[in-house]
Amino acid sequence: MVINGKTTMETNQNNIQWFSLLLSAVAGYCDTATFIAGNGTFSAHVTGNFIIFAAQAVLNADPNAWIKLVTFPVFIVAIITGGWLAEKTGKRYVLLAAEGVLLMVAGGMASRLGADQSGRYLVVMVIVLAMGLQNTFGKLFPKETHGPTTMMTGNVTQASLDLGNLLRNGFRADYLSLESIKKQLFLIGGFLAGCFLGGLLAKWIGLQAVILPGLMMMIIYFIRKDR
């Protein structure tokens, strides 16, 4: 089918590209926001907290370093809950709606609790729950995006392999690698842009900044929700 000069397949690919970019931007935003305003804690790529915990424990840099490890069971709870929610409702985008609600709740909590340290940790855990749901969405419905949206290591690896293929075979000769690297750049570029925006706003207003990606997730849900 052709719509306004574009095939349905081309339209779907464009939708997936922008959807991938937005989800990656949300993850990068939240990860950086919690790292800057949440005592150096990762909310999307929670295994990074193992490194932070170990470093702080070895250097005696933070007596509350053990809290970094709490993100791991919280993340697991989010994954289990997300899997149950997707199965119970039979809908894909309900996970993103729940993520948006959690992020807005976290932002509201941050505005009420202020700069209290224990309050900040509580807000961070709510954001970890939200990011766990986005990780669940990516794992259960991988065809909805061009790749993982919450961690970029795999995407950078794929982009590097594609670049190597293009350098060996020529940019015109290796069409598949060229298309693949374009997809990875949407993911990586979105994540990086989100990191900068999340970092700037978190530095300015603290963890209240996660209200913005929460609103974005709700908009995404109402645009793409299961019908």
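The structure presented is a predicted model; accordingly, all values stated were derived computationally and were not measured. (Residues numbered from 1 in each chain as written. Predicted model: local features only at pLDDT ≥ 70, side-chain atom pairs only at ≥ 80, totals over all residues. Heavy atoms only, no water.)

Engineer: Which residues make up the overall build of the chain, and what are the values?
Structural biologist: Across its full length, the chain holds eight helices and two strands. When the helices and strands of the chain are read in sequence order from the N terminus, they spell out β-β-α-α-α-α-α-α-α-α. Here the chain has a C-alpha radius of gyration of 19 Å; the compact-globule value for 227 residues is 17 Å, and the two agree. Reported as C-alpha extents along the three principal axes, the dimensions of the chain are approximately 55 × 45 × 35 Å. Burial status across the chain gives 46% buried among its 227 residues. Accessible surface for the chain amounts to roughly 12000 Å². Of this, 69% is attributable to carbon and sulfur atoms. Looking at charge distribution, the chain has the averaged site of its 17 positive side-chain charges lying 4 Å from that of its 11 negative ones. (Helix = DSSP H or I, 4+ residues; strand = E, 2+ residues; numbered from the N terminus. Rg over C-alpha atoms; globule rule 2.2 N^0.38 Å. Buried < 20%, exposed > 50% of the residue type's maximum accessible area, 1.4 Å probe, protein only. Areas by Shrake-Rupley, 256 points an atom, 1.4 Å probe, with all protein chains shown as cover. Lys, Arg positive; Asp, Glu negative; His and termini not counted. Charge placed at Lys NZ, Arg CZ, Asp CG, Glu CD.)

Engineer: Tell me about the packing of aromatic side chains, residues and numbers included.
Structural biologist: The final tally for this structure, using the stated rule, is eight aromatic pairs. Seen from their ring centres, Phe 50 and Phe 72 are 5.2 Å apart, and the 55° between their planes marks the pair as tilted. Here Phe 72 lies in helix α3 (residues 67–89) and Phe 50 lies in helix α2 (residues 48–59), a separation of 22 residues in the sequence. The class for Phe 50 is partly exposed, based on a relative accessible area of 37%. Phe 72 sits in the partly exposed class, given a relative accessible area of 33%. Relative to Phe 141, the ring of Phe 137 has its centre 5.5 Å away and its plane inclined at 55°; by these criteria the two rings are tilted. The buried category is assigned to Phe 137, whose relative accessible area is 1%. (Phe/Tyr/Trp six-rings, centres within 6.5 Å; stacked < 30°, edge-to-face > 60°.)

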